[in-house]
Amino acid sequence: MKVVITGAADGIGKALAALYTTNGHTVIGVDFDAAQAQKTQAQLGEGLSFVIADLSQQAQLDNIAEQLGTGIDVLIHNAGISAVGYFEKTDIDKQHRVIDVNFLAPMLLTRHLLARNALTVDGSIAFLSSLSHYVSYPGASVYGATKTGIASYARTLSVAYPQRHVLTVYPGPTRTAHARRYSPDNSRESSRMSSETLASHIVTAINKRQRVLIPSAGNVVFAIAGRLVPRLTNFAMRKTLLEKFD
């Protein structure tokens with residue numbers, strides 16, 4: 001089986017690559033960080049290779065699709081970045097890059113691959129959204145917007161291509177360098193789900209051809225609360241995130 005994972009050099013993407021290579025599958029990672037990609041490839045072995053590219057550059061996406069080739073059985077759009085703080089005080093160029101990487105790249109790369117018939121007809125496409133889709137994300141509003149946008153795109157894609165399996169993942173707090181970098185408070189980092197655990201949930205959901213994955217019962221409860229009592233969850237998110245950026 002041929003698997004493509006964006007953002008595979010570290011974090012959740014690396015954990016996904018490890019699971020697939022361990023089970024004898026061929027994995028191609030797409031990542032911007034050449035040095036980290038080289039380390040990860042050395043750790044995981046010959047089953048993993050990388051296309052080094054910047055997903056924020058739309059002009060590169062067709063070339064990336066060409067390098068990935070055909071016969072892709074599983075495509076996982078995992079790469080993501082953020083820019084945090086009060087929106088009016090943040091660097092607008094960084095916010096544009098969040099949109100490019102998190103929202104435009106998954107859509108356009110998928111388009112290029114579909115146009116090339118690079119994806120197997122009965123294969124799987126997975127998109128990593130965020131629990132913020134259900135509970136808001138004050139302090140990272142653009143990130144939240146991109147994750148809700150990509151969830152909408154995934155839902156529409158599954159209707160347009162009913163023969164394909166499309167999975168949308170809504171992770172909660174995960175123990176990664178990405179989360180550590182953007183969180184205003186890492187004092188409870190140990191309580192976050194490990195990237196290995198999340199990766200295991202994702203691979204299982206792909207194998208079962210699930211359409212939606214909210215990993216862990218606690219995240220499910222919080223997602224439901226976000227729909228039923230939004231004022232309460234908004235208050236909690238504002239206190240635990242936004243106000244700490246001060």
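Everything discussed here concerns the structure shown above.
Computed from a predicted structure; not experimentally measured.

Q: I'd love a proper account of helix 2 (residues 34-44), names of residues and values included.
A: Taken together, the buried positions of helix 2 are occupied by Gln-36, Ala-37 and Thr-40. Here the buried residues of helix 2 occupy an arc of 100° about the axis, which is enough to place them on one side. Among the exposed residues of helix 2, those pointing more than 90 degrees away from its buried face are Gln-38, Lys-39 and Ala-42. The secondary structure elements touched by the buried residues of helix 2 are helix 1 (11-22) and strand 3 (48-52). Residue Asp-33 occupies the N-cap position of helix 2, its side-chain oxygen lying 3.3 Å from the main-chain nitrogen of Ala-35. Backbone geometry just downstream of helix 2 places Gly-45 in the positive-phi region, at approximately 95°.

Q: Explain the pairing of strand 2 (residues 26-31) residue by residue, including any values.
A: Among the six residues of strand 2, five are classified as buried, and the element is accordingly described as predominantly covered. Two strands pair when backbone bridges link them, and strand 1 (residues 2-6) and strand 2 are joined in this way by five bridges, in the parallel orientation. Among the inter-strand pairings, Thr-6 is bridged to a residue of strand 2, identified as Val-30. Regarding topology, helix 1 serves as the crossover connection from strand 1 to the parallel strand 2, and that connection is right-handed. Pairing of strand 2 with strand 3 involves five bridges; the strand directions are parallel. Paired with Ile-28 across the bridge in strand 3 is Ser-49. For the handedness criterion, the β-α-β arrangement of strand 2, helix 2 and strand 3 is classed as right-handed.

Q: Describe the pattern of salt bridges, naming the residues involved and giving the relevant values.
A: On inspection of all chains with the given rule, the structure shows two salt bridges. Asp-54 is paired through a salt bridge with Arg-97; the nearest N and O atoms lie 3.3 Å apart. On the criterion of sequence distance, the pair formed by Asp-54 in the loop between strand 3 and helix 3 (58-68) and Arg-97 in helix 4 (residues 92-115) is long-range, its members being 43 residues apart. Relative accessible area serves as the criterion here: at 12%, Asp-54 is assigned to the buried category. Here Asp-62 ties to Arg-116 by a salt bridge, and the two come within 3.0 Å at their closest N and O atoms. Remark: Arg-116 occurs in the loop between helix 4 and strand 5 (119-128) and Asp-62 occurs in helix 3; sequence separation between them is 54 residues. Look at Arg-116 and you get partly exposed, because its relative accessible area is 34%.

Q: Residues and numbers for helix 6 (residues 141-160), please.
A: Over its 20 residues, helix 6 extends 29 Å from the first C-alpha to the last, a length consistent with the 28 Å expected when each residue adds 1.5 Å. Every buried residue belonging to helix 6 is among Val-142, Tyr-143, Gly-144, Thr-146, Lys-147, Gly-149, Ile-150, Ala-151, Tyr-153, Ala-154, Leu-157 and Ser-158, and all of these are buried.

Q: Give me the lowdown on the packing of aromatic side chains, citing residues and values where you can.
A: This model, assessed by the stated rule, comprises three aromatic pairs. Pairing Tyr-134 with Tyr-170 gives two aromatic rings, centres 5.0 Å apart and planes at 65°, and the pair type is edge-to-face. Of the two residues, Tyr-134 is situated in helix 5 (residues 132-135) and Tyr-170 in the loop between strand 6 (165-169) and strand 7 (174-175); the sequence distance between them amounts to 36 residues. Taken as a pair, Tyr-134 and Tyr-170 share a single burial class, namely buried. With 5.5 Å between their ring centres and 85° between their planes, Tyr-137 and Tyr-143 make a pair best called edge-to-face. On the accessibility criterion, Tyr-143 (11% relative accessible area) is buried. Sitting over the face of the ring of Tyr-86, Lys-89 holds its NZ or CZ atom 5.3 Å from the ring centroid. One residue, Arg-97, lies across the ring of Phe-32, its end atom 5.6 Å from the ring centre.

Q: Which residues make up the sheet that holds strand 9 (residues 212-213), and what are the values?
A: Sheets are built from strands paired through backbone hydrogen bonds, the pairs being either parallel or antiparallel. Ordered by their spatial adjacency, seven strands build an open sheet running 3-2-1-4-5-6-9, and the pairing between neighbours is parallel. Edge positions in the sheet fall to strand 3 and strand 9, since each has one partner strand and no second. Pairing of strand 5 with strand 6, which is carried by five bridges, proceeds in the parallel orientation. What sits directly across from Phe-127, in strand 6, is Thr-168. The sheet strands contacting helix 1 are strand 1, strand 2, strand 3, strand 4 (72-77) and strand 5, and the helix crosses strand 1 at an angle near 170°. Strands in contact with helix 4 are strand 1, strand 4 and strand 5; relative to strand 4, the strand with the most contacts, it is inclined by about 165°.

Cut-offs and rules
- Residues numbered from 1 in each chain as written.
- Predicted model: local features only at pLDDT ≥ 70, side-chain atom pairs only at ≥ 80, totals over all residues.
- Heavy atoms only, no water.
- Buried < 20%, exposed > 50% of the residue type's maximum accessible area, 1.4 Å probe, protein only.
- Helix = DSSP H or I, 4+ residues; strand = E, 2+ residues; numbered from the N terminus.
- Arc of directions from axis to C-beta.
- Contact = heavy atoms within 4.5 Å.
- Polar contact = N/O pair within 3.5 Å; in protein donor to acceptor, adjacent residues only side chain to side chain.
- Pairing = 2+ DSSP bridges.
- Right-handed = clockwise from strand over helix to strand, strands pointing away.
- Salt bridge = Lys/Arg side-chain N within 4 Å of Asp/Glu carboxyl O.
- Expected span 1.5 Å × (residues − 1).
- Phe/Tyr/Trp six-rings, centres within 6.5 Å; stacked < 30°, edge-to-face > 60°.
- Lys NZ or Arg CZ within 6 Å of the ring centre and 35° of its normal.
- Axes fitted to C-alpha atoms, helices over the stretch in contact; angles between N-to-C directions.

From the geometry alone we can't say anything about function, so treat these as descriptive.
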